[in-house]
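Residues per chain are reported as follows:
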Amino acid sequence: MVIVLLKESILFAWNALIANKLRTFLSLLGITIGIFAIITVFTIVDSLERNVRGSVQSLGDNVVYIMKWPWTFGPDYPWWKYMNRPVPSYHEMTDLQRKTKSIDAIGFQIGARKTLKHLNNTIENAIVSGWSYGYGQVKSFELTDGRYFREDEAEGGYNVVILGNTLAEGLFPNHEYPIGKTIKVAGRNCKVIGILKKEGESMLGNTMDNQAIIPYHFAKLFIDVKSENGDPFIAAKAKSGVTNEQLKDELTGIMRGIRGLKPLADDNFALNETNLLSKNFDGLFDNIGIAGAIIGGFSILVGGFGIANIMFVSVRERTNLIGIQKSLGAKNYFILSQFLFEAVFLSLLGGIIGLLLIYLLTLVTDGVIDMDIILTRSNVILGLTISVLIGVISGFIPAYSASQLDPVEAIRTN
Amino acid sequence: MTKIQRPKSISIITIIAIVLVLLAFPMLFMPSIKKMGDFVPLILGVIITLQFISLIGIWHMKKWGVLLFIIIFCARVVTFIFLDIYTFRFYFNIFYSLLFLFFFIAHYRKMDSNL
């Protein structure tokens, strides 16, 4: 019985919407824009967050970086003290490797922008990174072809290179097989032994697509290892079961010993962790999300007012019909559900159109920007939830007032 | 159909309560709520909507409005405890809901038992 009544009220609502197509379109436009605004913001924020977290994860979440500068600092940080700090060195890395017990792997990296050349193909300002052998075990990366350099190649400073995907495509444009070929790195011959898997753009700018990796002992022939320009750092990966805090404590003690710091002297190095970056981004994304929620919330509110207004008009127009229905035995809840369904239909339809527009937008942006923008399940659920609830909230008052009409007075109304 | 005269105190309290409920609606979009789970905004949204409906019932001096308000109040407290939300908003919510409930129950006998 209830199902039959519900079915009837849905049909009544549907017919009313079909009968006034322009009005239906205009009233659902408000909700469409509201849902489009709020879910677009959430979709972009979620996609940015996923991208940044992916970039941070590629740095390793159980890795501590020993550097000259900290990654995060407050407004009153003593930059003049940091300026005078020495840069980390390869020898400090080997000392640490010998003395620590908490590390699984440790490596050293230095970089510079140099020219790469193969026959007539030249890439200027390519990032050339000099890695110690151990850094390959700290940093996560994948090769599509070839191999990582051997320990003897790393220690002996062999002239071998692993190319990032973009560099390989630039130097070997006609689908040539790069492995085993010789290229020039900063004017020196170098044998290509590996190609890195394509990573795509990264929010942190740490993509390896445009990097050429060479052994540190080869890199130091043409990169000034004592200069800050090469941004040298030591990266230490904790053993399983060792927390970053424990690792940092141990590294601090040993580094202070290596640098001969007196007990009361400040550390002249920074220990950076990827979770410091994550924490900073958490706050940023939350703020963007709140701003989006406020902007979208107002859009939805305006859309809701539009639906409530149209429902009042609808009730006014059909007062006579309501009177006839009631006089023929229609219950209050039948009249109420009829108008409520109409409001929910309108709102849901608006929400679905808004979500479809966002989906189309994600398809369009897919080829334009080098970042995956995905309309997630949680955002679809949120969009549909908001649509239905706004429909109920904005439609309940007109629907309830319609259900409370006196049948005699309602029939008399013109 | 006779209409029951609505006391001024109920009118004022219902308006305040409706404003508070509508202000709670943007809470659904907050990133912190979204992070609790895909269906948490849906659950909280249903609670907010039903509370709004209960207030419309109370505005029309209907007993079902007060009963729905009590049910939703309990459901909200249970949901907040279940979701581990012990913020200032949670305690403030309980405080004003109980205060409103006191007024609603005081006028319960005068209300209409029809839908």
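The structure presented is a predicted model; accordingly, all values stated were derived computationally and were not measured. (Residues numbered from 1 in each chain as written. Chains lettered and ligands numbered in written order. Predicted model: local features only at pLDDT ≥ 70, side-chain atom pairs only at ≥ 80, totals over all residues. Heavy atoms only, no water.)

Details of the overall build of chain A
Counting secondary structure elements, chain A contains 14 helices and 10 strands. At 32 Å, chain A has a C-alpha radius of gyration far larger than the 22 Å of a compact globule built from 414 residues. Counting only C-alpha atoms and orienting by the principal axes, one finds that chain A spans roughly 100 × 60 × 40 Å. Expressed as a percentage of the 414 residues in chain A, the buried residues total 49%. Pairs at least 24 residues apart make up 77% of the contacts formed inside chain A by residues separated by at least 6 positions. (Helix = DSSP H or I, 4+ residues; strand = E, 2+ residues; numbered from the N terminus. Rg over C-alpha atoms; globule rule 2.2 N^0.38 Å. Buried < 20%, exposed > 50% of the residue type's maximum accessible area, 1.4 Å probe, protein only. Contact = heavy atoms within 4.5 Å.)

Here we look at a nonpolar patch on the surface
On the surface, a nonpolar cluster with roughly 530 Å² of combined accessible area is contributed by L349, I353, L357, Y359, L360 and L363 of chain A. In this structure I353 of chain A comes out as partly exposed when scored by relative accessible area, which is 34%. (Patch = residues over 30% accessible without salt bridge, like charges linked within 9 Å, V, L, I, M, F, W, Y side chains within 5 Å. Areas by Shrake-Rupley, 256 points an atom, 1.4 Å probe, with all protein chains shown as cover. Salt bridge = Lys/Arg side-chain N within 4 Å of Asp/Glu carboxyl O.)

Overview of the domain arrangement of chain A
Taken domain by domain, chain A comprises domain 1 (2-55 + 279-412) and domain 2 (86-268). For domain 1 of chain A and domain 2 of chain A, the distance between their C-alpha centres works out to 54 Å. (Domains from an automatic or database assignment.)

Here we look at the packing of aromatic side chains
To describe a pair of aromatic rings, you give the distance between the ring centres and the angle between the ring planes. Residues and elements named next belong to chain B. This structure, assessed with the given rule, holds 22 aromatic pairs over all chains. Summarising the aromatic geometry, the rings of Y96 and F100 are spaced 5.4 Å apart at their centres and angled 50° between planes, so their arrangement reads as tilted. With Y96 and F100 both in helix α5 (residues 88-106) and four residues apart, the pair spans about one turn of that helix. In this structure Y96 comes out as buried when scored by relative accessible area, which is 10%. (Phe/Tyr/Trp six-rings, centres within 6.5 Å; stacked < 30°, edge-to-face > 60°.)

Concerning the side chain of N268 of chain A
As for its position among the elements, N268 of chain A is in the loop between α9 (244-258) and β10 (270-273). Residues in contact with N268 of chain A, not counting those within four places in the same chain, are R85, P86, R259 and L261 of chain A.

Points about the pairing of strand β8 (residues 211-215) of chain A
Residue and element names in this part refer to chain A. Counting buried residues along β8, five of its five residues qualify, which places the element largely inside the surrounding structure. Residues Q211, I213 and P215 of β8 are buried on one face, and the alternating residues A212 and I214, pointing to the opposite face, are buried as well. Pairing between strand β3 (residues 121-131) and β8: five bridges, direction parallel. Each bridged residue has a counterpart across the sheet, and for V128 the counterpart in β8 is A212. One ladder, built from two bridges, connects strand β5 (residues 160-163) with β8; its direction is antiparallel. Paired with I162 across the bridge in β8 is I213. (Pairing = 2+ DSSP bridges.)

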